[in-house]
Amino acid sequence: MDRIEQLKDFIKETPQDPFLHYALTMEYVKLGDVQKSREGFESMVSTYPDYVGTYYHYAKFLEKQNEKESAEKIYEEGILVANRMRNRHAMGELQSALNLLRGIDEDDDY
């Protein structure tokens, strides 16, 4: 049984586990399945909006699709969620990725 089928079976057993849905989405990303990856990420942010890890990978996916504005919005949403969840590490990673996307060098003087 391949990894995708395994994850689908696990989801049938535990449908409300956000990690399983996230893992399935990441498998689609690895396979280069743009449609299923996008559907998975969209589902994750609507169904499990507090699953902070989704935002970084979703925004990176959007960057690869040349959807810069959408990626920025997802980074910004993720920063808000990470702040609300008091996940400073994730918030810092999301902010760094957003700065990089915007061309802001963190070593630059403001």
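Residues numbered from 1 in each chain as written. Predicted model: local features only at pLDDT ≥ 70, side-chain atom pairs only at ≥ 80, totals over all residues. Heavy atoms only, no water.

Peer 1: What am I meant to see in the side chain of serine 37 here?
Peer 2: With respect to the helices, strands and loops of the structure, serine 37 is situated in helix α3 (residues 34-47). Not counting the four nearest positions on each side in its chain, serine 37 is found in contact with Thr25, Tyr28, Val29 and Phe61. (Helix = DSSP H or I, 4+ residues; strand = E, 2+ residues; numbered from the N terminus. Contact = heavy atoms within 4.5 Å.)

Peer 1: Is there a simple way to explain unusual backbone geometry in this structure?
Peer 2: Excluding glycine, a negative phi dihedral is what most residues carry, and trans is how most peptide bonds are arranged. Positive phi values are uncommon outside glycine, yet asparagine 66 reaches one of about 60°. You can see asparagine 66 is positioned in the loop between α4 (53-64) and α5 (68-84). With a relative accessible area of 72%, asparagine 66 lands in the exposed category. You will see that arginine 86, though not glycine, has its phi angle at about 60°, which is positive. Mapped onto the elements of the fold, arginine 86 is located in the loop between α5 and α6 (88-102). (Buried < 20%, exposed > 50% of the residue type's maximum accessible area, 1.4 Å probe, protein only.)

Peer 1: I would appreciate a short explanation of the packing of aromatic side chains in the present structure.
Peer 2: This structure, assessed with the given rule, holds five aromatic pairs. Relative to tyrosine 22, the ring of phenylalanine 19 has its centre 6.4 Å away and its plane inclined at 40°; by these criteria the two rings are tilted. You can see phenylalanine 19 and its partner tyrosine 22 sitting in helix α2 (residues 18-31), three residues apart, about one turn around the helix. On the basis of relative accessible area, tyrosine 22 is assigned to the buried category, the value being 14%. For the ring pair phenylalanine 41 and phenylalanine 61, a centre distance of 5.6 Å and an interplane angle of 45° mean the geometry is tilted. Taken together, the positions of phenylalanine 41 in helix α3 and phenylalanine 61 in helix α4 put the pair 20 residues apart, joining distant regions of the chain. Linked through ring pairs, Phe19, Tyr22 and Tyr51 together constitute an aromatic cluster. (Phe/Tyr/Trp six-rings, centres within 6.5 Å; stacked < 30°, edge-to-face > 60°.)

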